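Here is how the chains run, residue by residue.
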Amino acid sequence: MGTEPRGGSVKTGKMPEDEKTRQWKQEEDQQQKEEKREGLIEFYSSYKELFQFFCSNTTIHGAIRLVCSKNNKMKTAFWSVLFFLTFSLMYWQFGILYREYFSYPVNLNLNLNSDRLTFPAVTLCTLNPYRYSAIRKKLDELDQITHQTLLDLYDYNMSLAQSDWSMLSTRKRSSRSLLHHVQRHPLRRQKRDNLVNLPENSPSVDKNDWKIGFVLCSENNEDCFHQAYSSGVDAVREWYSFHYINILAQMPEAKALDESDFENFIYACRFNEATCDKANYTHFHHPLYGNCYTFNDNSSSLWTSSMPGINNGLSLVVRTEQHDFIPLLSTVTGARVMVHDQNEPAFMDDGGFNVRPGIETSISMRKEITMRLGGRYSDCTEDGSDVPVQNLYSSRYTEQVCIRSCFQLNMVERCGCAYYFYPLPTRAEYCDYTKHVAWGYCYYKLLAEFKADVLGCFHKCRKPCKMTEYHLSAGYSRWPSAVSEDWVFHVLSQQNKYNITSKRNGVAKVNIFFKEWNYKTNGESPAFTVVTLLSQFGNQWSLWFGSSVLSVMELAELILDFTAITFILALRWFRSRQQLSPSAPPPNSHDNTAFQNEAPGLSTPHRFTVEAVVTTLPSYNSLEPHGLSRDGEVGHE
């Protein structure tokens, strides 16, 4: 009887041990399940596991073949090469799209507009410079010197007015100063072979004849060159113009040349069948084209045309006689006309055309507006504020305004004076060989550099983003006709004091009008925007892989996981190298081998697992209600 309780107590003492073992197994299984369960951030143990998961679950076509055919090395190699070749081709196409996008192409948009048209400004010049009273004396002296020069070179006796011959002896003293400067720049006629020792500043012409030109030297006469021309007419005109500019530059004020005689040049003026008056034009003087008049340049009251046709435009009858003009500056007769936009200077050399005497010239116009995209799409400028050239003109920015301003600024910097044809910069004066002896030498040298774009003016001056152009077409007819010329000239002689003896060579008629009621606008729009770029990327991605934007995110996730695994593996390798490398104990450390052997064991996952099992509370559900009796005490013992 006494042994039975002891045996029962032993049996009950083994039950908690079996319960603990079963509990340990349950906890280990649960821990393994938790390890296999996907967490918030998942890291793979190897690159192989990463790529296998990606290829098995991605929506990119063809990637699954890399996993399904892993038992067949030939198929795996084939699909691997095909997969990466497809990737290479796709990104090659991406590179082409990027290059096209960053070239910033544009589309040209053509629009046809129908609206009331603002009539352009029209500038009309006499085509011959006038012999102004303020410079008449010096011009007569220059004519006398030119007469003697032509007599020496070509044995030509230029006809002068009788008054000039009678006053020739009395003006010898006053002409000495002008003669001195003319002799410094003599007009010479020599054989080409005799010019080899003197450099030329003009292109050679393949002719074995005489060449004529004038000599230009530096201030100390150490360097000289021959400004030569193949045509004697061109050489004489250029030489005479050079001295004529010096005479004009000696005038203290340009107002001294303001001798406008509108009624003596414009015989009749009509616009839209209405007579013009002085409020419709402005006057200025051109050194070579004489008196010029600009119509419709007043921004406060601009002319408008509501209908096309010759009766709804500008009609002018002009005088083309050349009495009291300078024949050595201009060898043509008639008038010069230019059509341009308001607030733009009239560059008669560039856009003007001549009107023949005795001819009715009808000019039809077509307006065209060009608007370019600025910024990254073109090198145009909005208002010229970003162009590194100062605008010397009192007008808005144009390319020709910038080019001429650039040349004038270089002229002032290099030669110390300004060219008379262009506006005067601040604190500068016009070139005059009475003050600047060698300005002609400097000017022609600089002009050669300017034409060769050595100065960089053509590169600095950019096109404006908005331009208004007028395309002209001309028609000619005889005016007045043979049957009507008698009464027309008689009326002009009574009304405008027209000289009847000159007949047809003294008048001309000009009609300027719009050919059509509409005008064309050329605009630009971006041809390759960000939306177009993304669309092309999507097309290429779908073509090569048949996937979408989410597939791109899967690829980005693959790159991120690859980077994370690389960082983790590198960190583990670095820690393992630190643990394997022997290190001496610090001087104050405890030499306790039991403690040193225990520390590495606690850092392993196995020791953490055992520690967790030992500290786990027992399962109270397995205890019986009467477990606190004597059996429990025996079990405790």
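All residue numbers refer to positions counted from 1 along the written sequence of the respective chain. Note on the predicted model: pLDDT of at least 70 is required for a residue's local features to be given, and 80 or more for side-chain atom pairs to be given and counted; whole-chain, interface and lining totals, by contrast, use all residues. Computation of side-chain values: all heavy atoms of the structure, hydrogens and water removed.

1. Some details on the nonpolar core
Among the buried residues, those of types Ala, Val, Leu, Ile, Met, Phe, Trp, Tyr and Cys that are joined through side-chain atoms within 4.5 Å form a nonpolar core. Here the term buried applies to any residue with accessible area under 20% of the maximum for its type, exposed to any over 50%, and partly exposed to those in between, with areas from a 1.4 Å probe on protein chains only. Ranked by internal contacts, the top residues of the largest apolar core, which has 56 residues, are Y240, Y244, F407, M411, W439, Y443 and Y444. Segments assigned H or I by DSSP are reported as helices when at least four residues long, segments assigned E as strands when at least two residues long, and all are numbered from the N terminus. For this core, the secondary-structure elements that each account for two or more residues are helix 5 (136-154), strand 5 (210-217), strand 6 (224-229), helix 8 (232-249), helix 11 (399-415) and helix 12 (439-451). Contacts are residue-level and defined by heavy atoms, with any inter-residue pair within 4.5 Å sufficient. If we skip the residues at most four places from it in the chain, W439 touches F242, I245, N246, M411, C417, Y419, C431, D432 and Y433. Of all hydrophobic cores here, the second largest spans 31 residues; its members include C269, Y281, I363 and I369.

2. With respect to unusual backbone geometry
Going from W479 to P480, the amide bond is cis rather than trans, its omega being -15°. Mapped onto the elements of the fold, P480 is located in the loop between strand 16 (466-478) and helix 14 (485-496). Backbone geometry places N343, a non-glycine residue, at a positive phi of 60°. Relative to the elements of secondary structure, N343 occurs in the loop between strand 13 (335-340) and helix 10 (348-351). For N343, a relative accessible area of 43% puts it in the partly exposed group.

3. Quick notes on the side chain of H243
Locating H243 in the fold gives a position in helix 8. Residue H243 is classed as buried on the basis of its relative accessible area, which comes to 0%. Pairs of N or O atoms within 3.5 Å make up the polar contacts considered here, provided that, within protein, one atom can donate a hydrogen while the other can accept it, and that residues adjacent in sequence are counted only when both atoms are side-chain atoms. Looking at H243, its side chain comes within polar contact range of the side chain of W239, at 3.1 Å. Discounting residues that sit within four places of it in the chain, H243 has contacts with L142, H181, V182, H185 and Y433.

4. Here we look at the packing of aromatic side chains
Think of it this way: a Phe, Tyr or Trp ring, Trp meaning its six-membered ring, pairs with another when their centres are within 6.5 Å, and the plane angle makes it stacked under 30 degrees, edge-to-face over 60, tilted otherwise. Taken as a whole and judged by the stated rule, the model has 39 aromatic pairs. When the ring of F94 is compared with that of F537, the centres are 4.7 Å apart and the planes differ by 50°; the resulting orientation is tilted. On the criterion of sequence distance, the pair formed by F94 in helix 4 (residues 73-102) and F537 in helix 15 (residues 530-545) is long-range, its members being 443 residues apart. Residue class for F94 comes out buried when judged on its relative accessible area of 10%. With centroids separated by 5.1 Å and ring planes inclined at 65°, the aromatic side chains of F407 and F450 adopt a geometry described as edge-to-face. Pair noted here: F407 is in helix 11 and F450 is in helix 12, with a separation of 43 residues, a long-range link.

5. Overview of the state of the cysteines
In plain terms, two cysteine sulfur atoms within 2.5 Å form what is called a disulfide here. For the coordinates displayed, the defined rule picks out 8 disulfides. A disulfide bridge connects C380 with C465, and the sulfur atoms are separated by 2.1 Å. One disulfide, between C380 and C465, carries an S-S torsion of 85° and so falls in the right-handed class. Taken together, the residues span a long stretch of sequence, with C380 in the loop between strand 15 (359-371) and helix 11 and C465 in the loop between helix 13 (457-460) and strand 16 at a distance of 85 residues. The class for C380 is buried, based on a relative accessible area of 8%. The disulfide partner of C415 is C442, and the gap between their sulfur atoms is 1.9 Å. Residues C415 and C442 are joined through a disulfide that is left-handed, its torsion about the S-S bond being -85°. With C415 in helix 11 and C442 in helix 12, this residue pair connects regions lying 27 residues apart in the sequence. Exposure class is identical for C415 and C442. Each is buried.

6. Considerations on the sheet that holds strand 13
Hydrogen bonds between backbone atoms are what pair the strands of a sheet, whose relative direction is either parallel or antiparallel. In this scheme, strands are said to pair when DSSP sees at least two bridges between them. Spatially, 5 strands are ordered 9-10-3-13-14 in an open sheet, and the strand pairing comes out antiparallel. Strands with a single pairing partner mark the edges of an open sheet, and in this sheet they are strand 9 (281-286) and strand 14 (353-355). The mean inter-strand angle of the sheet, taken between neighbouring strand axes irrespective of direction, is 25°. Where strand 3 (residues 121-125) meets strand 13, 5 bridges bridge the pair, whose relative direction is antiparallel. Counterpart to T123 in the pairing with strand 13 is M338. In this analysis an axis means a line fitted to C-alpha atoms, helices contributing only their contacting stretch, and an angle means the value between N-to-C directions, from 0 to 180 degrees.

7. A look at the packing of helix 8 against helix 12
It is at 12 Å that the axes of helix 8 and helix 12 come closest, and there the two elements cross at 120°. Between helix 8 and helix 12, the interaxial angle falls into the category oblique. In terms of crossing hand, the pair formed by helix 8 and helix 12 is right-handed. Facing helix 8, whose interface residues are E238, F242, I245 and N246, helix 12 presents W439, G440 and Y444. Here roughly perpendicular refers to angles of 65 to 115 degrees, roughly parallel to angles under 35, roughly antiparallel to angles over 145, and oblique to all remaining angles. Whether a crossing is left-handed or right-handed is set by the direction in which the near helix is turned from the far one by less than a right angle, anticlockwise for left-handed and clockwise for right-handed.

8. With respect to the environment of E413
Structurally, the position occupied by E413 is in helix 11. Between the C-alpha atoms of E413 and A428, which are 15 residues apart in sequence, the distance is 9.9 Å.

9. Considering the packing of helix 4 against helix 15
In contact at an axis separation of 10 Å, helix 4 and helix 15 are set at 165° when each is read in the N-to-C sense. Considering their axes alone, helix 4 and helix 15 lie roughly antiparallel with respect to each other. Of the two possible hands of crossing, helix 4 and helix 15 adopt the one that is right-handed. Residues F83, T86, F87, L89, M90, Y91, Q93, F94, L97, Y98 and Y101 of helix 4 touch helix 15, and the partners they reach there are V530, L533, Q536, F537, Q540, W541, W544 and F545. Across the contact of helix 4 with helix 15, the residue classes break down as 15 nonpolar, 4 polar and no charged. Gly is put with the polar residues, along with every residue not named as nonpolar or charged; the nonpolar set is Ala, Val, Leu, Ile, Met, Phe, Trp, Tyr, Cys and Pro, and the charged set is Asp, Glu, Lys and Arg.

10. Description of the pattern of salt bridges
When their charged atoms lie close together, side chains carrying opposite charge are able to pair. Here, a salt bridge means any side-chain nitrogen of Lys or Arg that lies within 4 Å of a carboxyl oxygen of Asp or Glu. Tallied over the full model, the rule gives 11 salt bridges. The residue R396 makes a salt bridge to E344 at a minimum N-O spacing of 3.0 Å. Taken together, the residues span a long stretch of sequence, with R396 in the loop between strand 15 and helix 11 and E344 in the loop between strand 13 and helix 10 at a distance of 52 residues. Linking R404 and D350 is a salt bridge whose minimum nitrogen-to-oxygen distance equals 2.8 Å. On the criterion of sequence distance, the pair formed by R404 in helix 11 and D350 in helix 10 is long-range, its members being 54 residues apart. Note on R404: relative accessible area 11%, which makes it buried. Of the residues examined, D350 reaches a relative accessible area of 46% and is grouped as partly exposed.

11. Some points on the UniProt feature "transmembrane region" (unreviewed entry) in the protein chain
Per the UniProt annotation, the sites labelled "transmembrane region" (unreviewed entry) are residues 77-98. As a span, residues 77-98 carries 100% helix and 0% strand, and end to end its C-alpha atoms are 31 Å apart. UniProt positions are given in the numbering used here, feature names are shortened, and annotations may be inferred rather than shown by experiment.

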